[in-house]
Every structure is written in structure tokens, then in C-alpha cells.
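# Inside the fold
One letter stands for each residue in the lines below.
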Amino acid sequence: MKEPNPTDPIGQNIIKLISNVCFSLFVFSVLIFTVIAITYQPPDPWETSRALTNVFTEVENATFKTDSSVLKTGEDVATAPVAMPEGHYQLLRNRQFRNLKRNLRQMAIAFLDYQTPVGGSKPDECDVAWRFRNKKEKSWRKYRDFRRFRLGFKDDCSYKVIHPGRWHSGINARRPRIQVNPSGNWQKGKIAPPVRDDEINDTIPVLGSDSAFRKGRYLYYSRGGDYCKGMNHYIWSFLCALGEAQYLNRTFVMDLSICLASAYTQSNKDEEGKDFRFYFDFEHLKEVSPIVEEGDFLKDWKRWDKNHKTKIPVRKVASYKVTPMQLRKDKSTIIWRQFDAPEPENYWYRVCEGPAAKYIERPWQALWKSKRLMNIVSAISGSMDWDFDAVHVVRGEKARNKELWPHLDADTSPDALVAKLQGTIAPWRNLYIATNEPFYNFFDKLRSHYKVRLLDDYSYLWGNTSEWYNETTLLNGGRSVEFDGYMRVEVDTEVLYRAKTRVETFYNLTKDCKDGINTC
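Residues numbered from 1 in each chain as written. Predicted model: local features only at pLDDT ≥ 70, side-chain atom pairs only at ≥ 80, totals over all residues. Heavy atoms only, no water.

Across the sheet, 5 strands lie side by side as β10-β7-β6-β12-β11; this open sheet has parallel pairing. Strand pairing shows two members of the sheet lacking a second neighbour, β10 (291–293) and β11 (314–317), which therefore form its edges. Between one strand and the next, the sheet's axes are offset by a mean angle of 25 degrees, whatever the strand orientation. This element, helix α10 (residues 294–307), spans β6 (218–221), β7 (251–254), β10, β11 and β12 (334–337) of the sheet and lies at about 80 degrees to β10. (Pairing = 2+ DSSP bridges. Helix = DSSP H or I, 4+ residues; strand = E, 2+ residues; numbered from the N terminus. Axes fitted to C-alpha atoms, helices over the stretch in contact; angles between N-to-C directions. Contact = heavy atoms within 4.5 Å.)

See below:
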């Protein structure tokens, strides 16, 4: 019998054909996977009771089955919430994503993931927690909600949602809370260890070894005339400094201590010692820009000079008139800008004026509001099921200054507000009022037409039993933190931005110019 020829062209062609087919299948499968990965979008979350009902009532058949092998007594219910029947898990597991896209296409938040569901306070209740993000934010920060659902049966034994809870009603599904005693001080040995919010990481970065410190390149700004100025002034100067650090490709040495101007404090005096992290998202800042904290930096610098004969190379810059362009090629480990001149020569933002303005870009995208404050924003918006309108009412000093704003006081009076808003906002809508008007009852006439909400209606969100209070107290070394005027502005602003209809004071309520007469 003739043995097959290994060089037979037919055999080679068959092998080649099989290889080509396999390779084609592989390429086709990769193409399909790529298309799915590109086009897939996670389903939107719910935000209204109707949407929640639609989602959770479209479920497969299930029945409650009582487990007779378990006998619960007082000590069981005293230490743990009611256990959830298996059917509850099937309810969430099998249909939690169905029709969310169809039902919630126009909503403002995007659903991310569920936490493990737990039982409510009764056998027919289910507490569910999930994370979401707000589509109106440019950030990808995650927020939490947890709600309680009361369940029942249809005639065919399938589940139905009898009553969906409101924002943060599913308290058994919330994460553990930080424990601080009412005085704001830690009680060592008497309380459980504090639990940090796992969505926030604003710990201070540490350089570590001497060699790591020596290899770095730093831009250090000493404190100037910007200290204790208004927050807009602070931000304008801070972003100038951060922009120069990025231009020079250096790590910025940052003083986390802020002096809050008297306009924002209850004492009506400038208050030092405010932490940057009370107001802004330090986690995001250190992710997008190299940062080192001033106190740690100075300790590392002092330690190096003490332990080494060769001192750290430092270039001191005494005037803002030395431009960033002139420092671009400087090889010193530390460039130390000093601001000892009288005002306004000692403002940080002067560095970015003149020719430098063409080279230094303020990194606005690096500065986000505090995640802790944004949690309050989400709580306020969620309490209105994300379905509300808002009006921004500017009064205060501007309303009293008739020379620059002659009509503002009258145009924002209660009667004027009722007349103007009735033509813009439908009756009995949720109406959030963002304002600097100090008198709570000033807007009472609007309550006859709308479901009025003011920031002070939500004071429990920063009271001494709140999550914000506990977390800021922990951040502040056990000392309680005042919910000050600038925090109020930040929260008011963000809630205003989330409204479906937004009415502004200037250009909507009054003919006066925002910056005074003849400035429009």
C-alpha cells in the first residue's frame, strides 16, 4: 500500500482551508464582541415611584415558602432585621434590569450596581441599596440610595410592588455609620471604630523615603494676601498656582488650611483653620494633578537637610514679575514663590497676569465640589424624586443697594415672585428656592401655589446625627464642623442645576444687571 505523500498539495490545501475558516471565525467573534462592548450602555436607574413599580412588578412567578426549621425568638429580631424569603432575591435577581431603559430613558441619573438586598422591618418588605451617577454632572462620581419596597402577590402568584419607598427609606440596606458622641468628641474604648465612606478617599499622599523626596520637583507658594479673601478670589488664585505647577511639570505644595471670609461665617468674622476637603474634592484633585501637603513637605525638607551634608537646591522667587516662562528650565528641586509685598502685589493670581496668561491655563476641571456636600445635593434632589423646578432668588446686600440695583428688592418681593413664577412654573410643582434671603418665612406666599422647599428644610442632613456631620467630624480630628455659608452656596447651586425648569434672578425676575447698573 502506497504511503501518503506529506507534500501532497491536496492535503496542504485542506489544512490551509481549515486554518482560514478557524481564523475567520475567530476574527468574526472578536468583531461581534467589540461591537457589543462599544454599543452597550448600562440601563438607566429609577427615580420615581411609578418607574420603580413598573420595574419590580414585571417578575416571574414565585411563592413565599416558610422555613419551619427556624424558630425566631426575641433575641433574633432584636439583633438583626427580618430575614428575606428567597423569593425576594429572585425578584431582584431575575428582573432588576428589565425595561429600565424603556421606562427611564429621560431620567437624569444612571444606575450602576446593586448591593445585596436585605429584609425590611416586616416579612413582606425588602430593602435595596444601589449606586448611581448623575448624568448632569461631568464627573463619574458615584452616589448611593436605599429604598424599602412592600411586596404582595397577584392572582397568579407572581410578585407585585404594593408600595415603593422614597429616598433613603430602606435603612436596613444602608452601610455602617461613623459613630461620634453628641459632643463631637471621640470616646475611646466606648464606641466601635469609625467606618469611613468607601466612596471617598481624601487621605493625604505621603512622599515616603528621603530619596523619593530628593527626586521630586516642587513648586511652593508661601501664604500671600489672598488669605481670608472671598472664596471666588481664593479659587482664582489657587488655580493660577496649580496651573503654573502643571506648566512647570512640578508637584504643587498645597496648604490644606483655608481661611473662610466673614461673609460666609456665623460669627461674621474671618475664620482660619478650615480644611480644603470640607469644600472641594481632594480625591479628584490628587488624581489629576501631583499634590503634596505643605506640612508633610516641610517635615521631609527639614529631615533631609538635617541628615545630609548636601542641602536641597532651592530657588526663591520674591516677585510675581518673575514669569513662569523664566522658570521653565530651572533645575532646582524647589521653586519657592514668596509673597511678602503689600497688597495687591502679594496676590497669587498676579503670577498669571500679563504675558503669562498666554501660557498658564487654569485647570478648572481639577476642582470639584466636595463629595460629602454632593451627597447632600443628591439627598435633597432624591427627596423630590428628582422631579422639581427651582428659582434662584438673589437678595441680601444687592437688594439693599438701590444705587446699583434699583429694582431688585421690589422684583424679588413675595408678591412679585408669585406673579412672575405663575407664568413659568405649573401649579403645585415641587419648587426649590436657592437664595441668600435669611428669613425663612419670606417665601410663604409661594406655598399657596407650589410645594416649596428651602435649604433649611433639610437641616437634618448636616445635623449632629447626620452622615455628613459624622464624616466631617472624623476628618476634623473629632471636632464638629459648622455647616457654613459657603457650603450652603455650594449645595444651593448644585440643586438649582438639577431642576427641570430653572428661573434666575437676573434676566428672568428683574431688569437690573447682575453686576450693577449699566453693566449688562
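Okay, back to it.
For the rest of this paragraph, the subject is the nonpolar core. The nonpolar side chains of soluble globular proteins are, as a tendency, buried together. Core analysis: the biggest nonpolar cluster contains 78 residues, and Phe238, Phe252, Phe276, Ile380 and Tyr432 have the highest contact counts within it. When residues in this core are grouped by element, the largest group, 10 residues, is from helix α7 (residues 231–247). Other than its neighbours up to four places away in sequence, Phe238 contacts Phe252, Met254, Phe276, Leu285, Trp348 and Leu367. (Core = buried A, V, L, I, M, F, W, Y, C linked by side-chain atoms within 4.5 Å. Buried < 20%, exposed > 50% of the residue type's maximum accessible area, 1.4 Å probe, protein only.)

Here we come to the packing of helix α12 (residues 371–383) against helix α16 (residues 467–475). Close contact between α12 and α16 brings their axes to 10 Å; oriented N to C, the two are set at 175 degrees. Between α12 and α16, the crossing angle belongs to the class labelled roughly antiparallel. Residues Arg372, Leu373 and Ile376 of α12 pack against Trp468, Glu471, Thr472 and Leu475 of α16. Looking at the contact of α12 with α16 residue by residue, the class counts come to 4 nonpolar, 1 polar and 2 charged. (Parallel < 35°, antiparallel > 145°, perpendicular 65-115°, else oblique. Nonpolar A, V, L, I, M, F, W, Y, C, P; charged D, E, K, R; others polar.)

A few words now on the sheet that holds strand β16 (residues 502–503). Whether parallel or antiparallel, the strands of a sheet pair through hydrogen bonds between backbone atoms. Within the open sheet, the 4 strands sit side by side as β15-β14-β13-β16. Their pairing is parallel. Two strands lie at the open edges of the sheet, namely β15 (451–454) and β16, each paired on one side alone. Of the pairings in the sheet, the one linking strand β13 (residues 389–393) to β16 comprises 2 bridges and is parallel in character. When the bridges of β16 are listed, Ala390 appears paired with Arg502. Docked against the sheet, helix α17 (residues 485–497) engages β13, β14 (430–435) and β16, running at close to 145 degrees with respect to β14.

So, about the packing of aromatic side chains. Geometrically, a pair of aromatic rings is defined through the distance of the ring centres and the angle of the planes. Per the stated rule, a full pass over the model turns up 30 aromatic pairs. Ring geometry for Trp236 and Trp364: centres 6.2 Å apart, planes at 40 degrees, overall tilted. Of the two residues, Trp236 sits in helix α7 while Trp364 sits in the loop between β12 and α12, which places them 128 residues apart along the sequence. Owing to a relative accessible area of 47%, Trp364 belongs among the partly exposed residues under this scheme. Above the ring of Tyr247, the side-chain terminus of Arg328 is found at 4.2 Å from the ring centroid. Positioned over the ring face of Trp236 is Arg362, at 3.4 Å from the centre of the ring. (Phe/Tyr/Trp six-rings, centres within 6.5 Å; stacked < 30°, edge-to-face > 60°. Lys NZ or Arg CZ within 6 Å of the ring centre and 35° of its normal.)

Time to look at helix α15 (residues 414–421). Residues of α15 that are buried include every one of Ala416, Leu417, Val418 and Leu421, and no others. Close packing links the buried residues of α15 with β13, α14 (408–411), β14 and β16.

Bringing the packing of α12 against α17 into the picture now. In the contact formed by α12 and α17, the axes pass within 9 Å of each other and the chain directions differ by 45 degrees. On the basis of their axis angle, the class for α12 and α17 is oblique. Seen from above, α12 lies across α17 with right-handed handedness. In this structure, α12 uses Leu373, Met374, Ile376, Val377 and Ile380 to contact α17, whose residues at the interface are Met487, Glu490, Val491, Glu494 and Val495. Of the residues that constitute the contact of α12 with α17, the class distribution is 8 nonpolar, no polar and 2 charged. (Left-handed = near helix turned anticlockwise from the far one by under 90°.)

With that settled, consider the environment of Ser169. The residue Ser169 is located in the loop between β5 (159–164) and α6 (210–215) in this model. In this structure Ser169 comes out as partly exposed when scored by relative accessible area, which is 24%. Put simply, Ser169 and Phe146 are 23 residues apart on the chain and 6.3 Å apart in space, counted from C-alpha to C-alpha. When sequence neighbours within four positions are dropped, the list of residues in contact with Ser169 reads Phe146, Arg147 and Arg148. From its side chain, Ser169 meets the backbone nitrogen of Arg148 in a polar contact 3.0 Å long. Within the structure, Ser169 has its side chain in polar contact with the backbone oxygen of Arg166 (distance 2.7 Å). (Polar contact = N/O pair within 3.5 Å; in protein donor to acceptor, adjacent residues only side chain to side chain.)

With that settled, consider unusual backbone geometry. Note the cis peptide between Glu343 and Pro344, where omega equals 0 degrees. Counting through the fold element by element, Pro344 comes out in the loop between β12 and α12. Non-glycine residue Cys228 carries a positive phi angle of around 70 degrees. The topology assignment puts Cys228 in the loop between β6 and α7. Of note in this structure, Asp385 is not a glycine but carries a positive phi near 55 degrees.

A separate point is the confidence of the model for the protein. Low pLDDT marks stretches whose predicted atomic positions should not be read closely. In the predicted model, the protein carries a mean pLDDT of 80, and 75% of its residues have values of at least 70. Across residues 35–106, confidence stays below pLDDT 50; counting only partners more than four residues off in sequence or on other chains, it has 125 contacts. Low confidence marks residues 182–196, where pLDDT is under 50. Its contacts with residues over four positions away, or in another chain, come to 25 contacts. (pLDDT = per-residue confidence, 0-100.)

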